Amino acid sequence: MDELLKKLEEVRVGLRLTGDREEDTKDRVMLSPREQLSESAKLQMDKADEQLTDIAQKIRALEELEERAQDWVQEQLEQMVRFVHQEEDSVLSRLKDRGDDLLKRLRESQAQIARERAELERAARGLEVQDTAETLQSVRDVLESTESFISSAKAIQVEQLSGECLGPLQYKVWKKMKTVLQPGLASLKLDPNTAHPDLTLSSCLTSVQVGDSPQTIPDNQDRFSRYLAVVGAQGFTSGRHYWEVEVGEKTDWDLGVAGKSLDRKGRFVPSPKQALWVFALINGGQIWALGPLPTVLPLQQKPKRVGVYLDHQGGQVSFYDSEDMTHLFTFSDCFKETLYPYLSPCICFEGRNWDPLSVAPCL
């Protein structure tokens, strides 16, 4: 029924356009060739003026964007440089403190053992002069204390300093830097109360796939009823956020963000009007950006993991190949509502596309 209504609407629109063209043709027949050319020239000049205005606006927008982007890049990288310099100061300070501590312990042991050796030497000479019980006990006491100081000195392992400060330093700093990245990799959970009944979520709520059979689960206003989709448990009303989704070798998938106002019960087409911005793989071959103007993207290879970046205040949703952070596409809009991560594993057919979509965990 839906397809029939769609076809009728296409026919209705086609007839209307055809009628408009016929009326336009009748009017033009009444004009002389010179008048027709003059009218066509005026219309084309109006189009040219309109396009020139549009280009001028785009140039101004580009210049403003380039200026903002330069400031943004400098600010973001300066923060990282400051962090690295702070870590450098911290590591060098720890190195000095640890080295000073080891050096102090070594010198103290050196002095103690030297004193004990001198005492042992005196006791040994006394043993040669007189062999009394008191002399023997004195020697035993010195032997015991000397052995204790020697054991303590052996326990001081200078080489441990190399492991503390000369190990995988860059990796250690990188792991620490991830904790202060803004935005860092978000830890997302999927909302089971929004999942279409044909979908199955993992017990940890981080992956979704089409199930073997529909589930008998209670319906609610938040659950998708028509399309195989689910949204994240957490919505975003401000700030910058980044998450990654493992798509693997799936032949079809939809990823993006959905507004709280999206009609999850009815039919929708990804667009700002519907509060849905989607990046999709269709039929295993074409990558589409489904927004105001559906766009086929000429990608040389399909991503295995897709990064999604949301800047709520900045009105930006961007997609990246997370393997090398290659930019894939960006939607720009003005967001005025809560936005949720949107995932659809899409239908399975001919034994294909059964693999799940999995939200990547925090590193």
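Residues numbered from 1 in each chain as written. Predicted model: local features only at pLDDT ≥ 70, side-chain atom pairs only at ≥ 80, totals over all residues. Heavy atoms only, no water.

## With respect to the overall build of the protein chain
Let me state the cut-off plainly: In DSSP terms, a helix is any run of H or I states spanning at least four residues, a strand is any run of E spanning at least two, and both are numbered starting from the N terminus. For the radius of gyration, the atoms used are the C-alpha atoms, and the globule rule reads 2.2 Å times the number of residues raised to 0.38. With a 1.4 Å probe rolled over the protein chains alone, any residue whose accessible area is under 20% of its type maximum counts as buried; one over 50% counts as exposed, and the rest are partly exposed.
When its secondary structure is counted, the protein chain shows five helices and 13 strands. At 36 Å, the protein chain has a C-alpha radius of gyration far larger than the 21 Å of a compact globule built from 363 residues. Principal axes of the C-alpha set define a box for the protein chain whose edges measure 145 × 55 × 35 Å. For the protein chain, the proportion of its 363 residues judged to be buried stands at 29%.

## A short note on the packing of aromatic side chains
Inclusion rule: Aromatic rings from Phe, Tyr and Trp, taking only the six-membered ring of Trp, are treated as a pair when their centres fall within 6.5 Å; an angle between ring planes under 30 degrees marks them as stacked, one over 60 as edge-to-face, and anything in between as tilted. In our convention, an over-ring charge means Lys NZ or Arg CZ found within 6 Å of a ring centre and within 35 degrees of that ring's normal.
All chains considered together, the criterion is met by nine aromatic pairs. Here the aromatic rings of Y227 and F268 are separated by 4.5 Å at their centres, their planes lie at 50°, and the arrangement is tilted. One end of the pair, Y227, is in the loop between strand 2 (207–210) and strand 3 (230–231); the other, F268, is in the loop between strand 5 (253–259) and strand 6 (276–282), and 41 residues separate them in sequence. Aromatic side chains F329 and F331 sit 5.0 Å apart centroid to centroid with 70° between the ring planes, which places their arrangement in the edge-to-face category. The exposure class assigned to F331 is buried, which follows from its relative accessible area of 5%. One aromatic cluster is present, built from ring pairs that chain together W253, F279, F319, F329 and F331. We note R264 situated over the ring of Y340; from NZ or CZ to the ring centre the distance is 5.7 Å.

## Thoughts on the sheet that holds strand 12 (residues 339–344)
Worth spelling out the cut-off: Following DSSP output, two strands are said to pair if at least two bridges run between them.
Taking strand neighbours across the sheet as the criterion, the six strands line up as 3-12-5-6-7-8 in an open arrangement whose pairing is antiparallel. Edge strands, defined here as strands with exactly one partner in the open sheet, are strand 3 and strand 8 (295–297). Examined bridge by bridge, strand 5 and strand 6 share six bridges and lie antiparallel to one another. Note that in strand 6 the partner of V257 across the bridge is W277.

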